[in-house]
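# Results of the structural survey
Each chain, letter by letter, is given below.
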Amino acid sequence: MRARPEIVRRPPVPGVDELPPELPSVLRNIYRARDVHSPLDLDHSLGRLLAPDTLLGIDAATRLLQEALDSGQRILVVADYDADGATSCALAVRALRLLGAGEVRYIVPDRFRFGYGLTPEIVALAAEENPDVIITVDNGISSIDGVRAAHEQGWRVVVTDHHLAGRELPEADAIVNPNQPGDAFASKSLAGVGVIFYVMLALRARLREAGWFEERAMQEPNLASLLDLVALGTVADLVPLDRNNRILVAQGLARINGGGACPGIDALIRVSGAPTGRLAASDLAFRLAPRLNAAGRLEDMALGIECLLSNSPTAALEMAGDLDRLNRERRDIQETMQEQAREAVASLHLERDVLPRGLCLYDERWHQGVVGLVASRIKEQFHRPVIALAPGENGELKGSARSVPGLHIRDTLDAIATRHPALLRRFGGHAMAAGLTLDTMDLDAFRSAFEEELKRQLGDEELQPRILSDGELQANEFRLDLAEQLRNAGPWGQTFPEPMFDGIFDVVDQRVVGERHLKMRLRQADGPVVDAIAFNLLEEPVAPGWQRVQAAYRLDVNEFQGTRRLQLLLEHVRAIGEAE
């Protein structure tokens, strides 16, 4: 039942090629296919970062925060419960303390009790901290009632967020969000942690101009020391890695690999088994971020935030161990839910013969902290927009949506809410991912409305999965040094994808490892025999004894017991001559 992808070669983006002549031709072609034509596009120095001054609302935000620091006001950071929210919170607290703020605390909602953002319920909880100023990080742009409730308490509110704005903005004292109407900031792809980093940069500049550091005989802090948090949150939130974000991630990785990470990130590296001193963006995405996210998915993200705030390597390592345990528990829950989801899709296929354009899946046994991961995996398998829902409080269903290229899922939910005003209680998100809440009794009506909207917006072409390939490697290009060079040529990520290749291979041998992974040795024409592995391929049966295969793959470095070897990571593999 897995959707069979079509392998399509990436065309070069037109432009004058000014790339350094010493670049290997394969890397030059990779860059040209990603609209990189100039050495400036590869310059990841901090001097190439966009300036903060075009962010709408940043002057009002920093003026308010300067007043708060001048008068010793109590500042409370209201965070989100994912990795972007945790890194945003840790960065805000660390930066404000470095800048000389007297009392800075944070609060993070329990996703199972309070849900997302600055709600009136969170304001009531925050009142126990008796703040003067609230700063939201990675949330707040949709917190109309929450901001109003905070003002009723007599607090001032600074909203920092990156999510898409709705029809109405909260009446905050300042809003910094590159995606709010009227904002002229050239990059709309900042993660929440990137937004608060820019606010702290601008606040430091304002304090410098006011003589703040001189008056207090303070050394002006180097906020670039916080770029490890920016890199982790940016990669974890899957925002597009445009040039500005690539600079932030590259600089953060350089500090992590150079031994300049905070104890919490160092501890996450240790418990995850990531290659110390050689991390790439993919290690942040697939090793560190899941462990940090596990706290918010299953328990309380305060554990993750405390790990990132800790200055004690011993304490940080203990908390990272707890996060690792939670992540293993999360994996077990996710595997069970994925199997149940696949069974539901199989049953739906039998009933209807043809799958609907979108899959809206619900099971009363599901864990609401894991439905987003399940939606992602089912979307990858069937190449359809997927909404996975789990029971919430008070007769609600909490869901996560994941989309395919060509469908803006947050706008799709907005269109449903416009046509059916009483159907959705809450929703928000991005083009490719969103969250939503609805009444249990409205599930069938929502399914129908979702399918109707997809029929309006989604054509057959968008339902055909495609793998974009950078072409076929020559026999002499299957080398460990090229794999290492490609790994370091990023940072790779959303909209700036890691290089992918395709080709026809003879199968030297194959075996199943770890119950569901296919380990192979392959040879292309007269090339060398190379190791290859397809992870999770055996979620569906694979015929043994393949002799020739077509594969889409990435070059990878497999390190085991101190030995580094070339390995192909197979994104897609099928036998030549297999029925279409």
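This text goes with the structure placed above it.
Residues numbered from 1 in each chain as written. Predicted model: local features only at pLDDT ≥ 70, side-chain atom pairs only at ≥ 80, totals over all residues. Heavy atoms only, no water.

With that out of the way, let us pick up the layout of surface pockets. For the second largest pocket, the calculated volume is near 260 Å³. Together, 16 residues line the second largest pocket, and Pro-52, Leu-201, Ala-202, Ala-205 and Arg-206 are the ones closest to its centre. Contributing elements (two or more residues each) for the lining of the second largest pocket: helix 2 (58-70) and helix 6 (192-209). A total of eight residues in the lining of the second largest pocket trace back to one element, the largest contributor, which is helix 6. Its residues assigned to classes, the lining of the second largest pocket comprises nine nonpolar, one polar and six charged. (1 Å grid on protein atoms, 1.4 Å probe; cavity = no way out; pocket = protein on both sides within 12 Å on 5 of 7 lines; lining within 4 Å. Points joined across faces, edges and corners; volume = space filled by probe spheres on them. Helix = DSSP H or I, 4+ residues; strand = E, 2+ residues; numbered from the N terminus. Nonpolar A, V, L, I, M, F, W, Y, C, P; charged D, E, K, R; others polar.)

In this section: the pairing of strand 13 (residues 501-513). For strand 13 and strand 16 (residues 548-560), the ladder comprises six bridges, and the chain directions are antiparallel. Pairing of Ile-504 across the sheet is with Gln-550, part of strand 16. Note that strand 13 and strand 14 (residues 517-523) share seven bridges and pair antiparallel. Counterpart to Asp-506 in the pairing with strand 14 is Arg-523. Hairpin remark: strand 13 followed by strand 14, antiparallel, with three residues in the connecting loop; positive phi at Gly-514, about 60 degrees. (Pairing = 2+ DSSP bridges.)

Here the structure, examined in full by the defined rule, presents 39 salt bridges. Salt-bridge contacts for Arg-243 lead to Asp-41; the nearest nitrogen and oxygen are separated by 3.2 Å. Residue Arg-243 is located in helix 9 (residues 243-257), and its partner Asp-41 is located in the loop between helix 1 (25-32) and helix 2; the two are separated by 202 residues in the primary sequence. A residue is classified by how much of its surface remains accessible, and Arg-243, at 33% relative accessible area, is partly exposed. A salt bridge links Arg-426 to Glu-396; its shortest N-O distance comes to 3.5 Å. Of this pair, Arg-426 sits in strand 10 (residues 426-429) while Glu-396 is found in strand 9 (residues 396-402), placing the two residues 30 residues apart along the sequence. In this structure, a network of salt bridges that share partners links the residues Arg-167, Arg-410, Asp-411 and Asp-414. (Salt bridge = Lys/Arg side-chain N within 4 Å of Asp/Glu carboxyl O. Buried < 20%, exposed > 50% of the residue type's maximum accessible area, 1.4 Å probe, protein only.)

Next up on the list: the pairing of strand 12 (residues 466-469). Only one face of strand 12 is buried: it carries Ile-467 and Ser-469, and the other face, with Arg-466 and Leu-468, is open. Here strand 1 (residues 6-9) runs beside strand 12; their pairing, made up of four bridges, is parallel. By the bridge assignment, Arg-9 is partnered in strand 12 with Ser-469.

On to the environment of Asp-439. Relative to the helices and strands, Asp-439 is located in strand 11 (residues 433-439). A C-alpha to C-alpha distance of 9.7 Å links Asp-439 and Pro-391, two positions 48 residues apart in sequence. Apart from the residues lying within four places of it in its own chain, the contact partners of Asp-439 are Gly-395 and Arg-425. A polar contact is formed between the side chain of Asp-439 and the side chain of Arg-425, at a distance of 2.4 Å. (Contact = heavy atoms within 4.5 Å. Polar contact = N/O pair within 3.5 Å; in protein donor to acceptor, adjacent residues only side chain to side chain.)

Take empty space enclosed by the protein next. Here the structure, examined in full by the defined rule, presents two cavities of 30 Å³ or more. When its volume is computed, the largest cavity comes out at roughly 40 Å³. Lining the largest cavity, in full, are Arg-74, Ile-75, Leu-76, Glu-103, Arg-105, Glu-129 and Pro-131. Elements with a contribution of two residues or more to the lining of the largest cavity: strand 2 (74-78) and strand 3 (103-107). Take the lining of the largest cavity: its biggest share by element is three residues, from strand 2. Partitioned by chemical class, the residues of the lining of the largest cavity number three nonpolar, no polar and four charged. Space inside the second largest cavity adds up to approximately 30 Å³. Around the second largest cavity, the lining residues are Tyr-81, Pro-109, Asp-110, Arg-111, Gly-296, Glu-299, Asp-300 and Met-301. Of the residues contributing to the lining of the second largest cavity, the split by class is three nonpolar, one polar and four charged.

We now examine unusual backbone geometry. Going from Gly-490 to Pro-491, the amide bond is cis rather than trans, its omega being 10 degrees. Structurally, Pro-491 can be placed in the loop between helix 17 (480-487) and strand 13.

On the basis of which strands lie adjacent, the closed barrel formed by five strands has the order 13-14-15-17-16 and mixed pairing. Averaged over all pairs of adjacent strands, the angle between strand axes in this sheet comes to 45 degrees, irrespective of strand direction. (Axes fitted to C-alpha atoms, helices over the stretch in contact; angles between N-to-C directions.)

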